[in-house]
Amino acid sequence: MASKAPKKANLLDHHSIKHILDESVSEVVTSRGYVEDVRLSNVRLFIGAIIIVIALFAQFYKKKFPENRDFLIACIALYVIVNGLLQLIIYTKEKNAILFTYPPVGSFTSTGLVVSSKLPRFSDMYTLTIASADPKSISANEPVHLTKSVTQWFTKDGILVEGLFWKDVEALIVQYTREPKKSK
């Protein structure tokens, strides 16, 4: 059995670092029995496909410019409106989320998780947050956070020390599941 190739990031590119860490977080959470909820991603893809169809209609309409002016104006307006809707969904629902999950099978909780992360530009502090997918639910726990320097998880060559990182993420998941329920 071949061993898995180590994950390597460009240490000068914070997007590369965040991508490697976010990918690993998803692996850890799904390995703990949480199944990814892709409904929001599917909605975004569907709206994106509608935007593309609108653009294609505007581009390949059978009449040429002076004759199709009203049609083009309608397509442009529709394109802006639907694209605005897509941006609104991303801004209000997705925020910094990297993973939405269903509750684990056999669990008593009725909500999944929302896992989000932040790695500000020019900073080495990575913040990972685990919260309930439905914070208003009676079975929702308080969100938990982990903020740590990425230098704790990467070698000087940019290779992720997965064992250390997985241990920190698993500890955060355990902390979330043990967190006492919020008082109403």
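It should be emphasised that the depicted structure is a prediction, and the values quoted were computed from it without experimental measurement.

## As for the overall build of the chain
Step number 1: Along its length, the chain carries 4 helices and 4 strands.
Step number 2: Traced from its N-terminal end to its C-terminal end, the chain shows the element sequence α-α-α-β-β-β-β-α.
Step number 3: Taking 16 Å as the expected radius of gyration for a compact globule of 184 residues, we find that the chain reaches 21 Å, considerably beyond that expectation.
Step number 4: Over its C-alpha atoms, taken along the principal directions, the chain stretches across nearly 65 × 50 × 40 Å.
Step number 5: Considering the chain as a whole, with its 184 residues, one finds that 35% of them fall into the buried category.

## Concerning the sheet that holds strand β4 (residues 144-149)
Consider a sheet: its strands pair through backbone hydrogen bonds, and that pairing is either parallel or antiparallel.
Step number 1: A sheet is described by the order of its strands in space; here 4 strands give the open sequence β1-β2-β3-β4, paired in antiparallel fashion. Two strands in the sheet have a free side with no partner beyond their single neighbour: β1 (97-100) and β4. Adjacent strand axes in the sheet meet at a mean angle of 15 degrees when their direction is disregarded.
Step number 2: Of the strand pairs in this sheet, β1 and strand β2 (residues 113-118) are connected by 3 bridges, and their pairing is antiparallel. Residue pairing in the sheet places F100 in a bridge with V114 of β2.

## Thoughts on the pairing of strand β3 (residues 125-132)
Step number 1: Among the 8 residues that make up β3, 6 are buried, leaving the element largely enclosed by the rest of the structure.
Step number 2: Relative to β3, β2 runs antiparallel, the two being bridged by 6 bridges. Residue pairing in the sheet places K118 in a bridge with T127 of β3.
Step number 3: Taking the residues between adjacent antiparallel strands as the criterion, β2 and β3 are bridged by 6 residues, where F122 takes a positive phi near 65 degrees.

## Focus on the pattern of salt bridges
Step number 1: This model, assessed by the stated rule, comprises 7 salt bridges.
Step number 2: As a salt-bridge pair, D22 and K18 come within 2.6 Å of each other at their nearest N and O atoms. In this pair, D22 and K18 are both assigned in helix α1 (residues 14-31), 4 residues apart and thus about one turn of the helix distant.
Step number 3: Look at D22 and you get buried, because its relative accessible area is 11%.
Step number 4: Among the salt bridges present, the one from R44 reaches E94, with a minimum N-O distance of 2.5 Å. Of the two residues, R44 sits in helix α2 (residues 39-60) while E94 sits in helix α3 (residues 69-94), which places them 50 residues apart along the sequence.
Step number 5: Three or more residues are tied together by salt bridges with common partners; here these are K7, E27 and E162.

## Section: the packing of α2 against α3
Step number 1: Where α2 contacts α3, the axes come no closer than 9 Å and their chain directions differ by 165 degrees. By the angle between their axes, α2 is roughly antiparallel relative to α3. For the pair α2 and α3, the crossing hand works out as left-handed.
Step number 2: Taken together, the residues of the contact of α2 with α3 sort by class into 19 nonpolar, 1 polar and 3 charged.

## Regarding the packing of aromatic side chains
Step number 1: Applying the stated criterion to the full structure yields 3 aromatic pairs.
Step number 2: Centroid distance W153 to F165: 4.8 Å. Interplanar angle 75 degrees. Geometry classified as edge-to-face. One end of the pair, W153, is in the loop between β4 and α4 (162-178); the other, F165, is in helix α4, and 12 residues separate them in sequence. Neither W153 nor F165 differs from the other in exposure class; each is buried.
Step number 3: Cluster of aromatic residues (ring-pair linked, three or more members): Y126, W153 and F165.

## Points about the UniProt feature "transmembrane region" (unreviewed entry) in the chain
Step number 1: Feature annotation in UniProt places "transmembrane region" (unreviewed entry) on residues 43-60 and 72-91, given in this structure's numbering.
Step number 2: Helix makes up 100% of residues 43-60 and strand 0%, and the two end C-alpha atoms of the span are 26 Å apart.
Step number 3: Helix makes up 100% of residues 72-91 and strand 0%, and the two end C-alpha atoms of the span are 28 Å apart.

So, how was this worked out
- Residues numbered from 1 in each chain as written.
- Predicted model: local features only at pLDDT ≥ 70, side-chain atom pairs only at ≥ 80, totals over all residues.
- Heavy atoms only, no water.
- Helix = DSSP H or I, 4+ residues; strand = E, 2+ residues; numbered from the N terminus.
- Rg over C-alpha atoms; globule rule 2.2 N^0.38 Å.
- Buried < 20%, exposed > 50% of the residue type's maximum accessible area, 1.4 Å probe, protein only.
- Pairing = 2+ DSSP bridges.
- Axes fitted to C-alpha atoms, helices over the stretch in contact; angles between N-to-C directions.
- Salt bridge = Lys/Arg side-chain N within 4 Å of Asp/Glu carboxyl O.
- Parallel < 35°, antiparallel > 145°, perpendicular 65-115°, else oblique.
- Left-handed = near helix turned anticlockwise from the far one by under 90°.
- Nonpolar A, V, L, I, M, F, W, Y, C, P; charged D, E, K, R; others polar.
- Phe/Tyr/Trp six-rings, centres within 6.5 Å; stacked < 30°, edge-to-face > 60°.
- UniProt positions renumbered as here; feature names shortened; annotations may be inferred.

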